[in-house]
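Listed below, chain by chain, are the residues.
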Amino acid sequence: CFSRISADMKYAYELHDIQLALFRLTTKRRFSTSVDSKEMKKFQLLAHKWWDEEGEYSALHSMNDIRVPFIRDTLLNMSSNYHLGNPLSGVKILDVGCGGGLLSEPLGRLGASVTGIDPLEDNIRTADQHKSFDPVLAKRIQYKSSSLEEIVEECMETFDVIVASEVVEHVADLETFIKCCSQALKPEGSLFITTINKTQLSYVLGIVVAEKIIGIVPEGTHEWEKFVPPEELERLLESNGFSVKTVNGMLYNPLSGSWSWMESTSINYAMHAVKSGARGQSSPTDALSEMESEQPSATAGTAI
């Protein structure tokens, strides 16, 4: 009799383990609807090359010259003043699709507390290894191999700022991606996006020239069908509770290897949007203001 009870209990435990495994599997899939498996395979092959400034990601390295000041100055001008030293101290930033940490690190050096996420574990290993060379960054930045949907489950309305730089043209479901950004942001939080417009010019320059002729981007990196016009992105943002504040055109010069701002958004562009707020909720400017009350301040720099 006891042996039969023991066998039944063992069967029950095994059944429970199977059900739990199935639950975790289906949950993982449910939380990854915005991740495109084909896109992941593209970047898997280049995971070890993120910090080669002359390699496949050289254009992203040089993009920091304009995208980092764009994020920094926009946030600081929203608060009108900032203290010297670590201007983004106290600001929680989520870097979505962080890759090897090319954008997370300079934001961390500005004093921000940065969480970088990427669905590719090899990218996260590269990012973790590189930040370990700087003890300051090791304290300010944490990386996770995770989809945005999974982060939302853990960190609802947690972040002051979300950055998605050169990411939205690679996601499987853009509307789900935007909804998740809204859910992870605090009320009045800021969302920064850089991406590529869907125009004939962007196809010629972004794919034919950049990938097939000059080779400054690995061939097959982009699919023109997934490029996003600013009007479409703005519509999606506004339908999910965001107010678009800024849209700036960007231009890459392959001869000088440098980026600059331009009026036209026909190729690349950067967008800043703010999530609608609620009274009594904190925002990035609140975090900066709290720091200002404790430290000397100076007039903010020129806005971009």
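For every chain, the first residue of its written sequence is number 1, and the numbers climb from 1 along that sequence. A pLDDT threshold of at least 70 governs which residues receive local features in this predicted model, and a stricter bar of 80 or more applies before side-chain atom pairs are shown or counted, although totals over entire chains, interfaces and linings include all residues. Water and hydrogen atoms play no part in the side-chain values, which are based on all heavy atoms of the structure.

(A) The side chain of Asn123, seen in detail. Inspection of the secondary structure puts Asn123 in helix α5 (residues 121-131). For this analysis, a polar contact is any N or O atom pair within 3.5 Å, provided that within protein one partner can donate a hydrogen and the other can accept it, and provided that sequence-adjacent residues contribute only side-chain to side-chain pairs. A distance of 2.9 Å separates a polar atom in the side chain of Asn123 from a polar atom in the side chain of Trp50. Runs of E in the DSSP output that reach at least two residues are strands. Runs of H or I that reach at least four are helices, and both are numbered from the N terminus.

(B) Region of interest: the packing of helix α8 (residues 174-184) against helix α10 (residues 230-239). Lines fitted to C-alpha atoms define the axes, with helix axes restricted to the stretch in contact, and inter-axis angles between N-to-C directions lie between 0 and 180 degrees. Relative to each other, α8 and α10 sit at 45°, their axes nearing to 9 Å. Between α8 and α10, the interaxial angle falls into the category oblique. For the pair α8 and α10, the crossing hand works out as right-handed. Across the interface between the two elements, Leu174, Glu175 and Ile178 of α8 pack against Leu233, Leu236 and Leu237 of α10. For the contact of α8 with α10, the per-class residue count stands at five nonpolar, no polar and one charged. What sets the label is the angle itself: under 35 degrees gives roughly parallel, over 145 gives roughly antiparallel, 65 to 115 gives roughly perpendicular, and the rest give oblique. What makes a crossing left-handed is the near helix being turned counterclockwise from the far one by less than a right angle; a clockwise turn instead makes it right-handed. We call two residues in contact whenever any of their non-hydrogen atoms come within 4.5 Å of each other. Residue classes follow a fixed rule: Ala, Val, Leu, Ile, Met, Phe, Trp, Tyr, Cys and Pro count as nonpolar, while Asp, Glu, Lys and Arg count as charged, and any other residue, Gly among them, counts as polar.

(C) How the structure looks around the confidence of the model for the chain. Across the chain, the average pLDDT comes to 81, with 70% of residues at 70 or higher. Known as pLDDT, the predictor's confidence for each residue is given on a scale from 0 to 100. Every residue in residues 18-31 scores below 50 in pLDDT, and together they form five contacts with partners more than four places removed in sequence or on other chains. Below pLDDT 50 for its whole length, residues 291-304 participates in 34 contacts with residues either more than four positions away or in separate chains.

(D) Region of the structure containing the environment of Gly85. Within the secondary structure layout, Gly85 lies in the loop between β1 (81-83) and β2 (92-96). Residue classification places Gly85 among the exposed positions, given a relative accessible area of 64%. For the pair Gly85 and Arg109, spaced 24 residues apart in the sequence, the C-alpha separation amounts to 9.8 Å. In this scheme, a residue with accessible area under 20% of its type's maximum is buried, one over 50% is exposed, and one in between is partly exposed, where area comes from a 1.4 Å probe on protein chains only.

(E) Inspection of the pattern of salt bridges at higher detail. Take a side-chain nitrogen of Lys or Arg and a carboxyl oxygen of Asp or Glu: if they are within 4 Å of each other, that pair is a salt bridge. Counted according to the given criterion, the structure contains nine salt bridges. When the shortest N-O distance is used, the salt bridge between Glu154 and Lys144 registers 3.4 Å. Highlighted residues: Glu154 in helix α7 (residues 148-154) and Lys144 in strand β4 (residues 141-145), separated in sequence by 10 residues. Its relative accessible area of 27% is what places Lys144 among the partly exposed residues. Salt-bridge contacts for Lys275 lead to Glu157; the nearest nitrogen and oxygen are separated by 3.3 Å. With Lys275 in strand β9 (residues 268-275) and Glu157 in the loop between α7 and β5 (159-165), the pair connects residues that are 118 residues apart, well separated along the chain. Overall, the relative accessible area of 9% leaves Lys275 in the buried class. Given the relative accessible area of 37%, Glu157 is considered partly exposed. One connected set of salt bridges, linked through shared partners, spans Glu121, Asp122 and Arg125.

(F) Representation of the state of the cysteines. Our working definition of a disulfide is a cysteine sulfur pair at a distance within 2.5 Å. Per the counting criterion, the structure on display carries zero disulfides. For the unlinked cysteine Cys180, the closest cysteine sulfur is that of Cys181, found at 7.3 Å.

(G) Representation of the nonpolar core. To define a nonpolar core, start from buried Ala, Val, Leu, Ile, Met, Phe, Trp, Tyr and Cys residues and group those joined through side-chain atoms within 4.5 Å. Membership of the largest hydrophobic core comes to 33 residues, with the highest contact counts inside it found for Leu88, Ile93, Leu107 and Val163. Elements with a contribution of two residues or more to this core: α3 (58-79), α5, β4, β5 and β7 (242-253). In terms of residue count, the dominant contributor to this core is α3 (nine residues). If sequence neighbours within four positions are ignored, Val163 has contacts with Ile71, Ile93, Leu94, Asp95, Val96, Leu103, Leu107 and Phe192. Leu148, Val167, Phe177 and Tyr269 belong to the second largest nonpolar core, which has 31 residues in total.

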